[in-house]
Amino acid sequence: MSKKKKKKFVHHQTPKSKNGNFEGEVKAKKHLGQHFLKDESIAKKIAETLSLNGYSKVIEIGPGMGVLTKYLLQRDLDLVAMDLDSESIIYLNHSFRLEHPAILERNNRLKVIEADFLKFDLKQLFRDEPFAITGNFPYNISSQIVFKMLEMRQQVPEFSGMFQKEVAQRICEKPGSKTYGILSVLVQAFYDAEYLFTVPPDVFDPPPKVHSGVLRLIRRQNISLPCDEHLFFKVVKLAFNQRRKTIRNSLKTFNLSQNLKEDTIFDRRPEQLSVADFIGLTQKIANDPV
């Protein structure tokens, strides 16, 4: 007689995701840019980057299996955990709650939402109240997350989290460096940017091919620029789109007067200009009589 194959035991109450996997089987998905953090001490350090000064609401982007989530919940805050991955959502709504009853007993102010952060209307969650953003951000959309944060800067006093190391460095970089770029200028126009620490690949599952970096952004007290902000964004983006050229060449499409183009600022390259320089340049372009 042939031996019967032993059946794999599965608890009958365990819910399944849309992909048919059970709630304890959250697997990182390459197309979502997922790399799950395994190191508890790093998760705790990221959770502690938020000051909660003047706000109590926080949104965590890409919570995965909740390694950062559980440390955030140990702070006195209201947390929204948002993920596009249905497996992660099921895990956070079921296994995570069973695994961490003591944490959730002390702070049950957790809302789990399956949504695309880039498309989601955050006014539905926070109305006009201030909130912070944090997370171990999916690498493939991390820059887009920052641009969306900038659109909502009036409501976001703090922002922290994990990026690909070179992206985190670029955001915090100062003028004169090859990595200084669009994100550096636009973020630092409104926020004080601080690169906190580097994270090696081996603390993730699966490990990425690059190192990661954690940063913190704290909004400046006055975020009203003394220039046309829409024009400021346009000038910065155009300048860095042709970063090897001088400002004079990269801003040709503005059809500026010859008199303005003789200003010495037009002899410089974009990475040589500080935020204040870009503000001054924007003012000059706005006042150009042509």
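Each chain has its residues counted from 1, running along the sequence as written. Totals for whole chains, interfaces and linings use every residue, but because this is a predicted model, local features are given only for residues with pLDDT of at least 70 and side-chain atom pairs only at 80 or more, for both listing and counting. Processing note: side-chain calculations cover all non-hydrogen atoms of the structure and skip hydrogens and water entirely.

S.K.: Go over the environment of R248, please, and point to the residues and values.
M.R.: The secondary structure listing takes helices from DSSP runs of H or I that are at least 4 residues long and strands from runs of E that are at least 2 residues long, numbered from the N terminus. Looking at where R248 falls in the secondary structure, it is placed in helix 11 (residues 247-250). Its relative accessible area of 27% is what places R248 among the partly exposed residues. Counting along the chain gives 19 residues from R248 to D267, while the straight-line C-alpha distance between them is 6.5 Å. In what follows, a contact means two residues having at least one pair of non-hydrogen atoms within 4.5 Å. Not counting residues up to four positions away in its chain, the partners in contact with R248 are K261, E262, D263, F266 and D267. In the analysis that follows, any N or O atom pair within 3.5 Å is treated as a polar contact, provided that within protein one partner can donate a hydrogen and the other can accept it, and provided that, for residues neighboring in sequence, both atoms belong to side chains. Polar side-chain contacts of R248 include one of 2.7 Å to the backbone oxygen of K261. Exposure classes here rest on a 1.4 Å probe applied to the protein chains alone. A residue is buried below 20% of its type maximum, exposed above 50%, and partly exposed in between.

S.K.: If you had to explain the pairing of strand 3 (residues 78-83) to someone new, which residues and values would you point to?
M.R.: Remember that side chains alternate between the two faces of the sheet whenever the strand is regular. Of all six residues that make up strand 3, five are buried, and the element is covered over most of its length. When strand 2 (residues 57-61) meets strand 3, the two strands line up parallel, connected through five bridges. The residue bridging I59 from the neighbouring strand is V80, located in strand 3. Where strand 3 meets strand 4 (residues 110-114), five bridges bridge the pair, whose relative direction is parallel. Following the sheet pairing, M82 is matched in strand 4 by I113. Note on pairing: DSSP must find at least two bridges between two strands before they are called paired.

S.K.: Give me the lowdown on the pattern of salt bridges, citing residues and values where you can.
M.R.: Any Lys or Arg side-chain nitrogen found within 4 Å of a carboxyl oxygen on Asp or Glu counts as a salt bridge. In the structure shown here, the tally under the stated rule is twelve salt bridges. Across the salt bridge formed by R153 and E229, the nearest N and O atoms sit 2.6 Å from each other. Of the two residues, R153 sits in the loop between helix 7 (142-151) and strand 6 (158-164) while E229 sits in helix 10 (residues 229-241), which places them 76 residues apart along the sequence. Three or more residues joined by partner-sharing salt bridges are found here, namely D76, D78 and R109.

S.K.: Can you lay out the nonpolar core for me, pointing to particular residues and giving the numbers?
M.R.: Among buried residues, the Ala, Val, Leu, Ile, Met, Phe, Trp, Tyr and Cys ones that are joined through side-chain atoms within 4.5 Å form a nonpolar core. Counting residues in hydrophobic clusters, the biggest one holds 60 residues, and the most contacted among them are I59, L122, I133, F159, F232, F278 and L281. Here this core takes seven residues from helix 10, the largest share from any one element. Ignoring anything within four residues of it in the chain, the contact list for F159 reads I133, F137, I145, V146, M149, L215, R216 and L217. In this structure, L37, I42, L104 and F197 belong to the second largest nonpolar core, which totals 35 residues.

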